[in-house]
Every structure is written in C-alpha cells, then in structure tokens.
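Chain by chain, the residues:
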Amino acid sequence: MGKYIIRRLLQMIPVIIGTTFLIFYMVFALPGDPTAGKCGERPCPAAYVAKYRAEHNLDDPMPIRYAKYVAKTATGDLGTNRYGVKVTEDLKKRYVVTGKLALMAVAVEVVIGIAAGILSGIRKGRFIDNLVLVSTLFVISIPVFVIGALCQYFLGVKWGLFPVTVSAKPTLYELFMPAFVLGSLSIAYVARLTRTNLVENLRADYVRTAIAKGLSRKRAVGLHALRNSMIPVITFVGFDFGGLLGGAIVTERIFNIQGIGGYIFRSIYNRDGVAVVGAVTALVIVYLLVNLLVDLLYGVLDPRISHD
Amino acid sequence: MTESATVVQAVEATNAAGDVGEARSLGADAWRALRKKPLFWVSLVLITIFVLMAIWPSLFTNTDPDNAVLRQARERPNANAWFGRDIQGYDIYSRVVYGARASILVGVLTTTFTVLLGGAIGTLAAYAGGWVDALVSRVTDIFFAIPLLLGAILFMAATQPRGKPYFVIILLVVTAISILGWPSLARLMRSSVMQVLPNDYVQAARALGASPWRIIRKHIIPNAMGPLIVVSTINLGAYIAAEATLSFLGIGLQPPVISWGVSISDAIVGLRTTPHMLAFPSLFLSLTVLAFIMLGDAIRDAFDPKTR
C-alpha cells in the first residue's frame, strides 16, 4: 500500500509539470501589456517597466521563464498578483470557500444521487424508476447556468427559502443552494450510474446465493449488490471533481461567491497571469490527489483489487 | 423439473425462430431493437429538425433575425412575434432558429475532431504498446488533468475571440473544447482496442501477412468503434452545453453572432420581468442536448446484449 502510494505520487510529478507548463504557456500567451494601467492615467516610467519585466522574467524565452517559475514555486512562493498581494494568501482565503462548496456539492451528489439510483434500481420498470430516469434526463439537458438562475429566482427571491447571494465568509446554510446547483448535473449522472450497476448486480449469482442462504433482501441488496455497484460510481465522482472545480466558475459567478473560480475568472480578465497560473495549478494538484484517493478507495470497496 | 421445462421451451423457441428468421449480425440485431424504441425516433426527428435549422434557417422563418424593432422591445409572445421580442426588439423566434447553427456546428465539429484525435491516439497506444503506450498515456494524463471548462476558458482568453469573424470564433471554440475533450475518448479507445487485439481473427490476419495498417483498418477499428460512437454521441450534447456556457461567461461567441448561449446570457438578468426571453433559447438548447443524449442512450442499449 505504502509503496503503491509513493509510486503514484512519483508518477504525478511529470503530469503536474506537463499540466502546469500548458497552463503557463496559455496564460502568458494572453495578449496585452502587463504593465498597462499600473501607473494610473499615464504610461509607466521606463525604469519601472524595466524593473517589472526583470522581476517577472518577461524578457526570457518561455521554457526558461517556466523553469524559473517552477524553481520559485518549489520554495512555496507563488509570487504576488497585480495588487501586490501574495497569491498564496489569496488562495488560502478562497480555497476555504470553494473547498466547502465543492465538498458540499459532492455530498449532495453522493447522498441524493445514490439514494435515487437505489430507489429506481430496486424498482426497475415501476413508477419511481421512470420518474428518476425522466427527471435526471431533464436535469442533464438544462444548462447549469439556467438551473442556477432559476433556483436563485424561485428558491431565493420569490419564496425566500435560501439566501439569494453568499457573503464573504459563507455559512453552510448559505452555500446549500449553490452546492445543489453545482452538483445537479452530477446528481443525475450518479443516479443513472448507480441504477445501471445495481440492476446488473441484482441479477448476479452471488445475490441469488445470498438470498438462498437466508439473508434478508435488505441485507443482500445493501451489503452485497450495492457495495459492488459502487466502484464505477466512485470512479465517476473522482473524475467529476475536476468538472465541479471548473463548474464552480459559473456557480460562483451566479451566487457571488468569493471562491477560487471567481478569482481565476477575474484574474484572467485583469491579465493577472501569476494569479491564474498559481490558482489553476493548485486546482490541478487537488484534482490529481482526489483521483489518487479514489483509486485507494477501490481496495476498500473490493478486496480483490489490491495495491501491493 | 420446471428448470428443464424452461430450457426445453427456450430451445423450442429458438428453433422456431430459427426456422423463420435468418442469422443476424450484431448491427442488424441492434437496428431491430432500435427500430422499436419510440425514444430513438423522437430523438432522431428532433436532431433532423435542428440540423435542418442549422443548414437552412430560412426554411423555418422569413423574419430577419437582425431586424430590431425597438418600439416593441421586450414584447411578450403574440401573433406577430410567436416567441416575443428581446431587449433589442429582435424577433426571438427567428433568433432561436438562426442560433441553431452555432450550437450544431460546435457540437458536430468538436465531436468529429475528438473522435478522430482520441480514436487515432488510443488505437496507436494500444496497438504499439511498450514505450509508445507509456508515453502516450502520460501525455493523455496531462491533458486529462485540466478540467474541460477551466481549460477552455483559459484558451479562449488567450486567443481573444472578440471582433473576429463568425467561423474563426466557432473554430476557436471547437479547438478549445477538442484539445481538452480528446483524452477521455483516447482512454476509451485504448481499452477497447486492447480487448479486440488478442482475438483469433486479429492473430489470423497477422499470420496471413496483413500489414499493420490493414489489420487496424479492417479488423480492429470496426470491432472497437462501438463504445467510442456511443460515448461521443452523448458527448456531443455535452459539448453544445459547454459552448453555451462559454458564451454565457462572455468568452465564447459574442454578439453580433446569434447563438443560444449569447441569447440566454443576455436574457438571464431579466428573468423576473421578461421570462420569455430566457425560456425559448433555453428550451431549444435543452432539447438539442436532450436529443443527442437520448440517441446515445438508445444506441448503447441496443448494442448491449445485457440490457435486452
């Protein structure tokens, strides 16, 4: 197990380097003069521009700039953004918010999605099954920003059940509606995936054996069939985490959440390359770690999969 | 007793069927199953309508989508303008009809590119094996680690679509989504080719001296394409939604280009007072996405013997 984790972590290094280089390249290919507008209503003095360009290695070719950036990042310094604030400080503040949001979205997605999937799976072909299938198809086809706006209007403005926007230090209650919106697409996918796998496993021989040897149906389904149906679902949730992080950009915009997504979006608009690269790199690393965690979970769910 | 009786009955049933029916391939079998599904026909009709709309919008409307009648701005649906008018006084019905082109183009082109790229790379990795496979898989991992929406936003910001001609912007959006969309298809194709490779007919072709290119073209690709086609049909809907999301964020297509995403983005602020401006573009967008997802679902079910 320990060996496996170390090997996976080592394998992550080239992926992280490649990914960050891609991001670095795209971000610093952003057109526009980074010193424009930094000195108010007049062009910056030549001495300042020269100092700024030297500080950010703007005159080096791209691979060298990237190497210098990595060397600096390795010491834990992600540089400062346009306003002279340390990117690490910004990220720390905003990661708490987005992390809360993403975790809540995953929780919503897992709880509601799996529950709906089980309900429709054990009653295949009945009313509840059709209801789940139709409603999930409905949710999948509506773009998430429309769902967000509709929820905000009906649940927030019209019926006043949830706060319309979110404050800078959000509570769990404030984040519930955004998390639901963020996770809505995934709820639908999780429900359908759970249903398909459960239906397949319910017909398997080992479930019949379990019932034949006298286990209650609840135990046979809950312990035997469900556990084996969870592996594809967990895989999906892991991969989908990246989608959640990307989708957070839209959700955070709708509900005015001060998180990572909004930070990246604003930084792109401000041509704030240092901030964008730092924030996106952090997201990618989190995403890779989550997927490592998912792979480790396989072993827990199915003892036949071993990581030795 | 009952067991054997069922077996006998089953054998008789197959014999009876064998007397009248001829041997069918998997494709013919799937087509027979598909023909009986109402959902398949519904989605096919919807897709035909939307594709027609994209090619000849003038078949559906005589109104010029760029004809702004400011005096009637934000009018509710009425006899003159079936879907009402938007804030600029444009006829929403004709905007919706003309908007199909952007979505369908993005969906179809992105799917083509991702299938070609992902399919080719996946096949190469699986067929070549060894260090090629290892290298290709790591490169795939790098692209896979960047969330689709996040990467597309970066790419669009870096290429600055504002003010460029229609097809250039469409191609930029297609490139952005394709660059990040191919890895999942490449992984799928790789695993599916790996399942086909050890089969006897591949070995036989190799023993008969067929060139690698011929083996791949005549034996591997036809037998490994199934999952790729199903997933990419479903993905087509997701790509259309991604395009709309980019337009919604203001970095995909831009006015004066007519697109559902742009219309929704314009209308979302007026959700409370002029819901018709939001409803119709969203409805068409959702129907398109829905049609492709339903088609993919139906094809998958038809090709999967287990669900029959």
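Each chain has its residues counted from 1, running along the sequence as written. Chains carry letters and ligands carry numbers; both start at the beginning, A for chains and 1 for ligands, and go up in the order they are written. Reporting of local features is limited, given that this is a predicted model, to residues whose pLDDT is at least 70; pairs of side-chain atoms are given and counted only at 80 or more, and all residues count toward the totals for whole chains, interfaces and linings. To obtain the side-chain values, all non-hydrogen atoms of the structure were used and water was disregarded.

### Some remarks on the overall build of chain A
Secondary structure assignment for chain A yields eleven helices and zero strands. Numbered from the N terminus, helices here are DSSP runs of H or I no shorter than four residues, and strands are runs of E no shorter than two. For chain A, the succession of helices and strands along the chain, N to C, is α-α-α-α-α-α-α-α-α-α-α. C-alpha extents for chain A along the principal axes are approximately 85 × 55 × 30 Å. In this scheme, a residue with accessible area under 20% of its type's maximum is buried, one over 50% is exposed, and one in between is partly exposed, where area comes from a 1.4 Å probe on protein chains only. Residue burial in chain A is summarised as follows: out of 308 residues, 47% are buried.

### Some remarks on the overall build of chain B
Counting secondary structure elements, chain B contains eleven helices and zero strands. Over its C-alpha atoms, taken along the principal directions, chain B stretches across nearly 75 × 50 × 35 Å. Here chain B, with 308 residues, has 48% of them falling under the buried criterion. Contacts in chain B between residues far apart in sequence, at least 24 positions, make up 72% of those at least 6 positions apart. Using the Shrake-Rupley algorithm and a 1.4 Å probe, accessible areas are obtained, with residue cover drawn only from the displayed protein chains. Only carbon and sulfur atoms are counted for the fraction: they give 65% of the accessible area of chain B, which is about 15000 Å². By the counting scheme adopted, Arg and Lys are positive, Glu and Asp are negative, and His together with the chain ends is not counted. For charged residues, the charge sits on one atom: NZ in Lys, CZ in Arg, CG in Asp, CD in Glu. Charge-centre separation for chain B: the mean point of 24 positive side chains lies 6 Å from the mean point of 18 negative side chains. Here, two residues are considered to be in contact whenever any of their heavy atoms come within 4.5 Å of each other.

### Some remarks on the packing of aromatic side chains
Aromatic rings from Phe, Tyr and Trp, taking only the six-membered ring of Trp, are treated as a pair when their centres fall within 6.5 Å; an angle between ring planes under 30 degrees marks them as stacked, one over 60 as edge-to-face, and anything in between as tilted. Within this structure, the stated rule accounts for 23 aromatic pairs over all chains. Between F21 of chain A and Y66 of chain A, the aromatic rings sit 5.0 Å apart at their centres with planes inclined by 75 degrees, giving edge-to-face as the arrangement. Pair noted here: F21 of chain A is in helix 1 (residues 2–28) and Y66 of chain A is in helix 3 (residues 62–74), with a separation of 45 residues, a long-range link. Geometrically, the ring pair formed by F162 of chain A and F176 of chain A is stacked, given 5.6 Å between the ring centres and 25 degrees between the ring planes. With F162 of chain A in the loop between helix 6 (144–158) and helix 7 (172–202) and F176 of chain A in helix 7, the pair connects residues that are 14 residues apart, well separated along the chain. Put simply, the rings of F50, W82, F83, Y93, W260, F280 and F284 of chain B pair up and form one aromatic cluster. A cation over an aromatic ring shows up here: R95 of chain B above the ring of Y90 of chain B, its NZ or CZ 4.0 Å from the ring centre. R187 of chain B extends its terminal NZ or CZ atom over the ring of F144 of chain B, reaching a point 4.1 Å from the ring centre. When the NZ atom of lysine or the CZ atom of arginine is within 6 Å of a ring's centre and also within 35 degrees of its normal, the charge is said to sit over that ring.

### Points about the UniProt feature "transmembrane region" (unreviewed entry) in chain B
All names here are of chain B. UniProt positions are given in the numbering used here, feature names are shortened, and annotations may be inferred rather than shown by experiment. Using the residue numbers shown here, the UniProt feature "transmembrane region" (unreviewed entry) corresponds to residues 39–59, 104–127, 139–159, 165–185, 224–242 and 278–299. The span residues 39–59 carries 81% helix and 0% strand; its end-to-end C-alpha distance comes to 26 Å. Annotated as residues 224–242, this span is 100% helix and 0% strand, and its ends, taken at the C-alpha atoms, are 27 Å apart.

### Things to note about the packing of helix 10 (residues 260–267) of chain B against helix 11 (residues 275–303) of chain B
In a pair of packed helices, the angle between the axes and the distance between the axes together describe the arrangement. Residues and elements named next belong to chain B. Geometry is summarised by axes, namely lines fitted to C-alpha atoms with helices restricted to the contacting stretch, and by angles between N-to-C directions that run from 0 to 180 degrees. Look at helix 10 against helix 11: their axes get within 9 Å of each other, and the N-to-C directions meet at 145 degrees. Regarding helix 10 and helix 11, the two cross each other, and that crossing is left-handed. From helix 10, W260, S263, I264 and A267 reach across to helix 11, where they touch M277, L278, P281, S282, F284, L285 and T288. For this scheme, ten residues count as nonpolar: Ala, Val, Leu, Ile, Met, Phe, Trp, Tyr, Cys and Pro. Four count as charged, namely Asp, Glu, Lys and Arg, and the remainder, Gly too, count as polar. A class-by-class count of the residues in the contact of helix 10 with helix 11 yields eight nonpolar, three polar and no charged. In this scheme the crossing of two helices becomes right-handed for a clockwise turn of the near helix relative to the far one and left-handed for an anticlockwise turn of less than a right angle.

### Concerning the UniProt feature "domain: ABC transmembrane type-1" (unreviewed entry) in chain B
Mapped onto the present numbering, the UniProt feature "domain: ABC transmembrane type-1" (unreviewed entry) falls on residues 100–296 of chain B. Within the segment residues 100–296 of chain B, helix and strand shares are 83% and 0% respectively, and the terminal C-alpha atoms sit 20 Å apart.

### Here's the deal with the domain arrangement of chain A
Residue and element names in this part refer to chain A. These domain boundaries are the output of an automatic or database domain assignment. When the domains of chain A are assigned, the result is domain 1 (2–74) and domain 2 (95–301). Its C-alpha centre places domain 1 at a distance of 33 Å from the equivalent point of domain 2. Domain 1 puts 17 residues into the contact, and the matching count from domain 2 is 17 residues. Definition of a polar contact: a pair of N or O atoms within 3.5 Å, with one able to donate and the other able to accept a hydrogen when the atoms are protein atoms, and with sequence-neighbouring residues admitted only if both atoms are side-chain atoms. Where domain 1 touches domain 2, the interface holds one residue pair in polar contact (both at pLDDT 80 or more). Here the side of domain 1 that touches domain 2 is composed, by residue class, of 13 nonpolar, three polar and one charged.

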